[in-house]
Amino acid sequence: NAGVTQTPKFRILKIGQSMTLQCAQDMNHNYMYWYRQDPGMGLKLIYYSVGAGITDKGEVPNGYNVSRSTTEDFPLRLELAAPSQTSVYFCASSYSSFQPQHFGDGTRLSIL
Amino acid sequence: EDQVTQSPEALRLQEGESSSLNCSYTVSGLRGLFWYRQDPGKGPEFLFTLYSAGEEKEKERLKATLTKKESFLHITAPKPEDSATYLCAVQAGQGAQKLVFGQGTRLTINP
């Protein structure tokens with residue numbers, strides 16, 4: 001099984017550009033999450049989804065948008081990229097709110 | 001506000017030298033405490049979930065314990081392949097599993 005797949009693995013953006021980080025899972029999990037991880041800091045929750053068509057904000061949602069049209073996919077959209085969004089982004093999924101989250105290997109994003 | 005603090009930030013041990021990592025938390029209504037391992041350039045990998053004070057879980061050289069204020073990850077006779085960053089996270093409240101993570105402990109085991 002592939003688990004949680006994130007693309008791209010690396011990306012460099014210019015200030016003001018937009019992009020979409022892709023996340024797909026093949027475990028039929030209902031719950032999906034987006035985190036960012038900055039050096040020396042813990043993972044911070046950006047957005048999460050409890051099922052197709054249902055999304056909600058996490059701790060640090062400003063500057064990001066999400067959608068979830070299928071169970072498998074949960075893309076994260078950055079509009080008007082800013083240097084403060086330079087980070088490593090992780091997508092995760094879980095079967096339920098009581099099961100552990102499974103993480104992808106991240107997208108490393110630099111905004112210059 | 002829910003908070004998680006891990007200590008030490010970094011720990012360097014010799015192979016076979018046992019030690020413990022600490023995770024202190026303040027949360028209203030703990031539903032679960034999670035330990036993850038993260039290797040460089042990879043996503044976190046699940047290790048344990050603990051739900052109530054007094055609970056213990058073991059996996060190979062690792063044992064996780066939980067009290068009402070903190071959790072310990074005990075590493076017995078570690079090997080170089082145990083080198084990684086260990087992350088602690090808590091889940092509180094109802095609904096989706098919105099984890100609050102600590103900053104991690106970077107563990108290095110020298111051969």
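First, a word on what this report is: a plain description of the structure on this page. (Residues numbered from 1 in each chain as written. Chains lettered and ligands numbered in written order. Predicted model: local features only at pLDDT ≥ 70, side-chain atom pairs only at ≥ 80, totals over all residues. Heavy atoms only, no water.)

For the rest of this paragraph, the subject is the state of the cysteines. Taken as a whole and assessed by the stated rule, the structure comprises two disulfides over all chains. One disulfide bridge connects Cys23(A) with Cys91(A), the sulfur atoms lying 1.9 Å from each other. Negative torsions about the S-S bond denote left-handed disulfides, and the value of about -70 degrees found for Cys23(A) with Cys91(A) makes this one left-handed. One end of the pair, Cys23(A), is in strand 3 (residues 19-25); the other, Cys91(A), is in strand 9 (residues 87-94), with 68 residues separating them in the sequence. Owing to a relative accessible area of 1%, Cys23(A) belongs among the buried residues under this scheme. Overall, Cys91(A) belongs to the buried group, its relative accessible area being 0%. The disulfide that involves Cys23(B) links it to Cys88(B), with 1.9 Å between the sulfurs. Judged by the torsion about the S-S bond (-60 degrees), the Cys23(B)/Cys88(B) disulfide is left-handed. (Disulfide = S-S within 2.5 Å. Helix = DSSP H or I, 4+ residues; strand = E, 2+ residues; numbered from the N terminus. Buried < 20%, exposed > 50% of the residue type's maximum accessible area, 1.4 Å probe, protein only.)

All names here are of chain A. Read across the sheet, four strands follow the order 1-3-8-7 without closing on themselves; strand pairing throughout is antiparallel. This sheet does not close on itself; its edge strands, each paired only once, are strand 1 (4-7) and strand 7 (64-66). Here the strands of the sheet are splayed against their neighbours by 20 degrees on average, with no regard to which way each runs. Relative to strand 8 (residues 76-78), strand 3 is paired through three bridges, and the arrangement is antiparallel. Residue pairing in the sheet places Thr 20 in a bridge with Arg 77 of strand 8. (Pairing = 2+ DSSP bridges. Axes fitted to C-alpha atoms, helices over the stretch in contact; angles between N-to-C directions.)

Turning to the pattern of salt bridges, a few remarks are in order. Pairing is possible between side chains that carry opposite charge, provided their charged atoms lie close to one another. Considering all chains together, one arrives at eight salt bridges over all chains under this definition. Of the charged contacts in the structure, one is a salt bridge between Glu59(A) and Lys44(A), with a shortest N-O distance of 3.7 Å. Here the residue Glu59(A) occupies a position in the loop between strand 6 (54-57) and strand 7, and Lys44(A) occupies one in strand 5 (residues 43-51), the gap between them amounting to 15 residues. Overall, Glu59(A) belongs to the partly exposed group, its relative accessible area being 46%. The partner of Asp39(B) in a salt bridge is Arg37(B), with the nearest N and O atoms 3.0 Å apart. (Salt bridge = Lys/Arg side-chain N within 4 Å of Asp/Glu carboxyl O.)

This next bit is on the sheet that holds strand 3 (residues 19-26) of chain B. Strand pairs in the sheet, formed through backbone hydrogen bonds, run parallel or antiparallel to each other. All names here are of chain B. Strand order in the open sheet made by the five strands is 1-3-8-7-6, with antiparallel pairing throughout. Strand pairing shows two members of the sheet lacking a second neighbour, strand 1 (3-7) and strand 6 (56-59), which therefore form its edges. Across the sheet, the axes of successive neighbouring strands diverge by a mean angle of 15 degrees, strand direction being ignored. Alignment of strand 7 (residues 62-66) against strand 8 (residues 70-75), held across five bridges, turns out to be antiparallel. By the bridge assignment, Lys 63 is partnered in strand 8 with His 74.

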